[in-house]
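A structural walkthrough
If you want the building blocks of each chain, they are given just below.
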Amino acid sequence: MAEKLRVGVIFGGQSGEHEVSLVSAQGIMKAMDKEKYEIIPIGITKEGRWLTSGDPMKLLQYPPAKGAGELGSRSSEQSKGTGTEVLSGAKDQERGLVPANTRTEPSRSRRDLVPGTRETGFPQVDVVFPVLHGPYGEDGTVQGLLELADIPYVGAGVLGSALGMDKIAMKGIFRSYGLPVVEHLELKRKDWELDPEAMMELIEKELGYPCFIKPANLGSSVGISKVHERSELAPALDLAARYDRRMLAERAVNAREIECSVLGNDEPIASVPGEIVPSREFYDYIAKYIDDRSELIIPADLSAELTRRIQELAIAAFLAVDCAGMARVDFLLDRDTGEFYIGELNTIPGFTPISMYPKLWEASGIPYSELIGRLIELALERHADNSRSETSYSPEQSE
Ligand SMILES: Nc1ncnc2c1ncn2[C@@H]1O[C@H](COP(=O)(O)OP(=O)(O)O)[C@@H](O)[C@H]1O
Ligand SMILES: [Mg+2]
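What comes next concerns the included structure. (Residues numbered from 1 in each chain as written. Chains lettered and ligands numbered in written order. Predicted model: local features only at pLDDT ≥ 70, side-chain atom pairs only at ≥ 80, totals over all residues. Heavy atoms only, no water.)

Remarks on the overall build of the chain
The secondary structure content of the chain amounts to 13 helices and 15 strands. Expressed as a percentage of the 399 residues in the chain, the buried residues total 54%. Contacts spanning at least 24 positions in sequence make up 67% of the contacts within the chain whose residues lie at least 6 apart. Split by element, the accessible area of the chain, about 18,300 Å² in all, is 49% carbon and sulfur. (Helix = DSSP H or I, 4+ residues; strand = E, 2+ residues; numbered from the N terminus. Buried < 20%, exposed > 50% of the residue type's maximum accessible area, 1.4 Å probe, protein only. Contact = heavy atoms within 4.5 Å. Areas by Shrake-Rupley, 256 points an atom, 1.4 Å probe, with all protein chains shown as cover.)

Here's what the structure looks like:
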């Protein structure tokens, strides 16, 4: 029998979405075809330590207690010491990429995280599935590390990941491609601290109420507020400023929330759209993960024409940010005007069996475990395509 493909599944991570990542990774590992794949679980603690032996999932305390791990907190006592700690990220006292033990040996056929060495403690893998939501994982950082190590990985590359994470940059790109985005303002934490009055006046003048205030880089609605009047504005800006040095204010749309899954590399396909009916005033963290009362309607009740429009826009958004593998594109459909806006694009969407991304594919004829197989194939294809590019240049030869 052919050798199994060794798939490193990376989960946890240093973001406020650490706990969500554990649930997504659990679902993926459970559904992976064990005949074809050997799973190499790799956990990252909130402090940035990479756990590669023992049972990293257990070490990261799955299942998380409800409400445990306050969002955004990087508590210090979690899961230190027990597994093989490979790399220590910058959030730890020991800064730098520090392999647990580095012994230089010629590289074997499998790829190593540190090129040219073998016994680094990082398990040898053929491909990596990063299941990390939010900063330090979905934003191009881990993707950059994998590029340097020449390891194929699932999902968007460095550019697509970074653009998909940063709501300001993402909207800028969408706009440059003529894709519809909601009116918004780019705000800096520094300006907020220097002259709060001026910032509040600007928001009131340009957008008015209700509006949304968000950190530029985050997800799962962490740090996001809906602001109805001036008294709520300063607390909302203070909250967003806790999470990022860049923030945005957006006009609030009286919206139906429609989501569409995209799969592929250069010729991506779009799923049937789904609709989220949040249990609360908007789809905040509690409505997403805690109260269990938000509804997913699959497929969304939309005319054939609107469905087609959503799918076209989803693919256009995917290509605009140079995405690869997968993305979930979220739309706001204005109930008052019928206008569509692209809300955001998520390069590593929630991936539990009940998450929208896999459910939309299931409704479109691709079951969960086949979807994972396809994503791994796409990772290998993209890596092979990238490998075709020349990495050296000599002016004489090119003439
Ligand atoms: N401009 C907006 N108008 C209406 N609702 C919005 C707007 N921006 C955000 N929301 C609400 O907030 C939720 C989270 O915002 P989003 O930009 O998707 O951030 P996240 O990356 O945290 O999911 C959305 O799902 C929606 O419910
Ligand atoms: Mg969202």
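Brief notes about the pattern of salt bridges
What the rule picks out here adds up to 19 salt bridges. Where Asp284 meets Arg280, a salt bridge forms, and the shortest distance between an N and an O atom there is 2.8 Å. The class for Asp284 is buried, based on a relative accessible area of 12%. Members of the salt-bridge network, linked through shared partners, are Lys171, Lys214 and Glu250. (Salt bridge = Lys/Arg side-chain N within 4 Å of Asp/Glu carboxyl O.)

Considerations on the nonpolar core
In this structure, Val9, Phe129, Phe351, Ile372 and Leu375 are the most contacted members of the largest nonpolar core, which totals 32 residues. Those elements that place two or more of their residues in this core are strand E1 (5-12), helix H1 (18-31), helix H2 (56-59), strand E5 (127-130), helix H11 (356-363) and helix H12 (368-387). Looking at which element gives the most residues to this core, the answer is H12, with seven residues. Residue contacts for Ile372: discarding those within four places in its chain leaves Ile28, Ala31, Met32, Phe129 and Phe351. Residues Ala300, Phe318, Ala327 and Val329 belong to the second largest nonpolar core, which totals 27 residues. (Core = buried A, V, L, I, M, F, W, Y, C linked by side-chain atoms within 4.5 Å.)

A short note on unusual backbone geometry
Cis geometry is found at the peptide bond from Tyr209 to Pro210, where omega equals -5 degrees. Among the secondary structure elements, Pro210 is positioned in the loop between helix H7 (196-206) and strand E7 (211-215). That bond from Ile298 to Pro299 is cis: its omega, -10 degrees, falls within 30 degrees of zero. With phi around 60 degrees, Tyr136 is a residue other than glycine that occupies positive phi space. Assignment of secondary structure puts Tyr136 in the loop between E5 and helix H3 (141-148). Of note, the phi angle at Asp292 is positive, near 65 degrees, even though the residue is not glycine.

Describing the side chain of Glu275
Structurally, the position occupied by Glu275 is in strand E12 (residues 274-277). Looking at Glu275, its side chain comes within polar contact range of the side chain of Arg256, at 2.7 Å. Dropping the residues within four chain positions of it, Glu275 is found in contact with Arg256, Glu257, Ile258, Glu295, Leu296, Ile297, Ala300 and Met356. (Polar contact = N/O pair within 3.5 Å; in protein donor to acceptor, adjacent residues only side chain to side chain.)

Some words on the site of ligand 1
Close to ligand 1 lie 18 residues, the nearest being Lys167, Lys214, Ser221, Glu257 and Lys288. In the environment of ligand 1, an oxygen atom lies 2.7 Å from a nitrogen or oxygen atom belonging to the side chain of Lys214. Contact distances for ligand 1 include 2.8 Å between an oxygen atom and a side-chain N or O atom of Glu344. Expressed as a share of its isolated accessible area of 540 Å², the protein-covered part of ligand 1 is 93%. (Near = heavy atom within 4 Å.)

Considerations on the pairing of strand E15 (residues 340-346)
Every other side chain in a regular strand lies on the same face of the sheet, so the side chains alternate between the two faces. Of all the seven residues making up E15, seven are buried; the element is thus mostly covered by neighbouring parts of the structure. Turn length for the strand E14 (residues 325-334)-E15 hairpin, with the two strands adjacent in sequence and antiparallel, is five residues, and the turn residue Gly338 shows positive phi of about 80 degrees. (Pairing = 2+ DSSP bridges.)

Considering the pairing of E1
Burial analysis of E1 places seven of its eight residues in the buried class, which makes it a mostly covered element. Bridge analysis of E1 against strand E2 (residues 37-44) gives eight bridges, and the strand direction is parallel. Bridge pairing links Val7 to Ile39 in E2. As a crossover connection, the stretch from E1 through H1 into E2 is right-handed. Here four bridges tie E1 to E5, and the two strands are oriented parallel to one another. From the neighbouring strand, Gly8 faces E5, where its bridge partner is Val128. (Right-handed = clockwise from strand over helix to strand, strands pointing away.)

A closer look at a nonpolar patch on the surface
On the surface, Ile286, Tyr289 and Ile290 cluster together to form a nonpolar patch covering roughly 220 Å² of accessible area. Residue placement: Ile290 occurs in helix H9 (residues 285-290). (Patch = residues over 30% accessible without salt bridge, like charges linked within 9 Å, V, L, I, M, F, W, Y side chains within 5 Å.)

Remarks on H11
For an α-helix the count is 3.6 residues per turn, leaving residues at separations of three or four pointing the same way. For H11, the full list of buried residues reads Met356, Tyr357, Pro358, Leu360 and Trp361. Buried residues along H11 sit against strand E10 (255-264), strand E11 (269-270), E12, strand E13 (295-297), E14 and H12. Positive backbone phi, at 100 degrees, marks Gly365, one or two positions downstream of H11.

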